[in-house]
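An overview of the molecular structure
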Amino acid sequence: MKCVEGLVERGIIEMESSQHFLVNQRGDSKISKKLLFTTPFLRFWFAFVSPIYKGIKDGNYDEFYKNYENRKAEFTGFVFEELALEFLRDAYADDEIKNIGKYWDDKNNIDLVAKTKSGKTIAASCKYVDSKIKKSELNNLKNTCKEVGFEPDICILFTKKGFTNELKALKDETLRLYTAKSFKLLLDK
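Anyway, here's the lowdown on the structure attached to this text. Note that the structure is predicted; figures quoted are calculated from it, not measured.

Quick look at the sheet that holds strand E4 (residues 109-116) now. Within the open sheet, the five strands sit side by side as E3-E4-E5-E6-E7. Their pairing is mixed. The open sheet has two edge strands with one neighbour each: strand E3 (97-104) and strand E7 (175-179). In this sheet, adjacent strand axes meet at a mean angle of 20 degrees when their direction is disregarded. Here strand E5 (residues 121-127) runs beside strand E6 (residues 154-159); their pairing, made up of six bridges, is parallel. Considered in E6, the bridge of Ser125 is made with Leu157. The strands that helix H4 (residues 62-91) touches are E3, E4, E5, E6 and E7; relative to E3, the one it contacts most, it runs at about 160 degrees. Against the sheet, helix H5 (residues 135-148) engages E3, E4, E5, E6 and E7, with an angle of about 135 degrees to E6.

Attention shifts here to a nonpolar patch on the surface. Nonpolar side chains collect at one region of the surface, where Met1, Val8, Met15 and Leu35 lie side by side and expose about 380 Å² of accessible area between them. Along the chain, Leu35 turns up in strand E2 (residues 34-37). On the basis of relative accessibility, which here comes to 48%, the residue Leu35 falls in the partly exposed class.

Let us look at the pattern of salt bridges. On inspection of all chains with the given rule, the structure shows nine salt bridges. Linking Glu137 and Lys127 is a salt bridge whose minimum nitrogen-to-oxygen distance equals 3.9 Å. Placement of the pair is Glu137 in helix H5 and Lys127 in strand E5, with a sequence separation of ten residues. Taken together, the shared-partner salt bridges connect Glu81, Glu82 and Lys102 into one network.

Attention shifts here to helix H2 (residues 40-49). Along H2, the residues classified as buried are Arg43, Ala47, Phe48 and Val49. End-on, the buried residues of H2 take up no more than an arc of 165 degrees, which puts them together on one face. Where H2 is buried, its residues contact E2, helix H3 (53-57) and H4.

This paragraph deals with the side chain of Glu81. With respect to the helices and strands, Glu81 occurs in helix H4. A distance of 3.2 Å separates polar atoms of two side chains, one belonging to Glu81 and the other to Lys102. With residues up to four places along the chain from it excluded, the contact list for Glu81 reads Lys102, Asp111, Leu112 and Cys126.

Of all eight residues making up E4, seven are buried, and the element is well covered by its neighbours. Inspection of the sheet shows E3 paired to E4 by six bridges, in the antiparallel sense. Within E4, the position partnered with Gly101 by the bridge is Val113. What sits between the antiparallel neighbours E3 and E4 is a turn of four residues.

The biggest cluster of nonpolar side chains holds 19 residues, and the ones touching the most others in it are Leu88, Tyr92, Leu112, Ile122, Ile156, Phe158 and Phe183. Looking at this core, the elements with two or more residues in it are H4, E3, E4, E5 and E6. Of the residues forming this core, the biggest block, five residues, is contributed by H4. In contact with Ile122, not counting residues within four places along its chain, are Tyr92, Ile97, Leu112, Val113, Ala114, Thr116, Ile154 and Ile156. In this structure, Tyr103, Ile110, Val148 and Leu177 belong to the second largest nonpolar core, which totals 16 residues.

What counts and how
- Residues numbered from 1 in each chain as written.
- Predicted model: local features only at pLDDT ≥ 70, side-chain atom pairs only at ≥ 80, totals over all residues.
- Heavy atoms only, no water.
- Pairing = 2+ DSSP bridges.
- Helix = DSSP H or I, 4+ residues; strand = E, 2+ residues; numbered from the N terminus.
- Axes fitted to C-alpha atoms, helices over the stretch in contact; angles between N-to-C directions.
- Contact = heavy atoms within 4.5 Å.
- Patch = residues over 30% accessible without salt bridge, like charges linked within 9 Å, V, L, I, M, F, W, Y side chains within 5 Å.
- Areas by Shrake-Rupley, 256 points an atom, 1.4 Å probe, with all protein chains shown as cover.
- Salt bridge = Lys/Arg side-chain N within 4 Å of Asp/Glu carboxyl O.
- Buried < 20%, exposed > 50% of the residue type's maximum accessible area, 1.4 Å probe, protein only.
- Arc of directions from axis to C-beta.
- Polar contact = N/O pair within 3.5 Å; in protein donor to acceptor, adjacent residues only side chain to side chain.
- Core = buried A, V, L, I, M, F, W, Y, C linked by side-chain atoms within 4.5 Å.

Right, here's the structure in full:
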C-alpha cells in the first residue's frame, strides 16, 4: 500500500471508488477500488510496452501487435468512457454536475453515473463500436439501473458510429444520444 500511496502522490495513478452514493446506496466495503493510470500514455505504456520491452528493444514487435489487437477494444473503450465523462461535465454546465463517476458492484457495471445540483440522476452507457447502437442497449442500461435499485431521470448513450432509427425515435429529455463527433465540444474549450 505504501508503493500505491507513493504513485498516487506522484500523480502516476489514482484510486477510483464506485459511486454507490449517486444511486442512493451506501458503499459496500467489499467492493474494491480501482487503480488507474492518470494518462492514456501511461496506460498504454504499462499495458502494451513495458511487459515486453526487451522484445521491442530487440526489434521483435510480433508480441506487441498480438497483445494490442487482443486488448485494443478494452483500451480504446476506457479512453472513450473518460472522454464521455468530460463531455458530460461540459454539456451539463447549466445544471452543474454535482458528482460524477462510475458504478460497479459484484454483478453490475454502469459506465457513468452522475447527480446534478437540481437532483437529477444520470446513467450512461459508452460503447466504442463500429456498428450502430440498438434499442437493446438502452434496455440493458435501464435493467442494470433497476437491478442496482434506482431509476435514472436521464439515460445517455455514447457510441462511436451512431444509433438505429428505432432508438433515435425515442430521443427526448429523458434519453440523450451522442456520438464521438459530439466530443468536438471538448476541443472548443
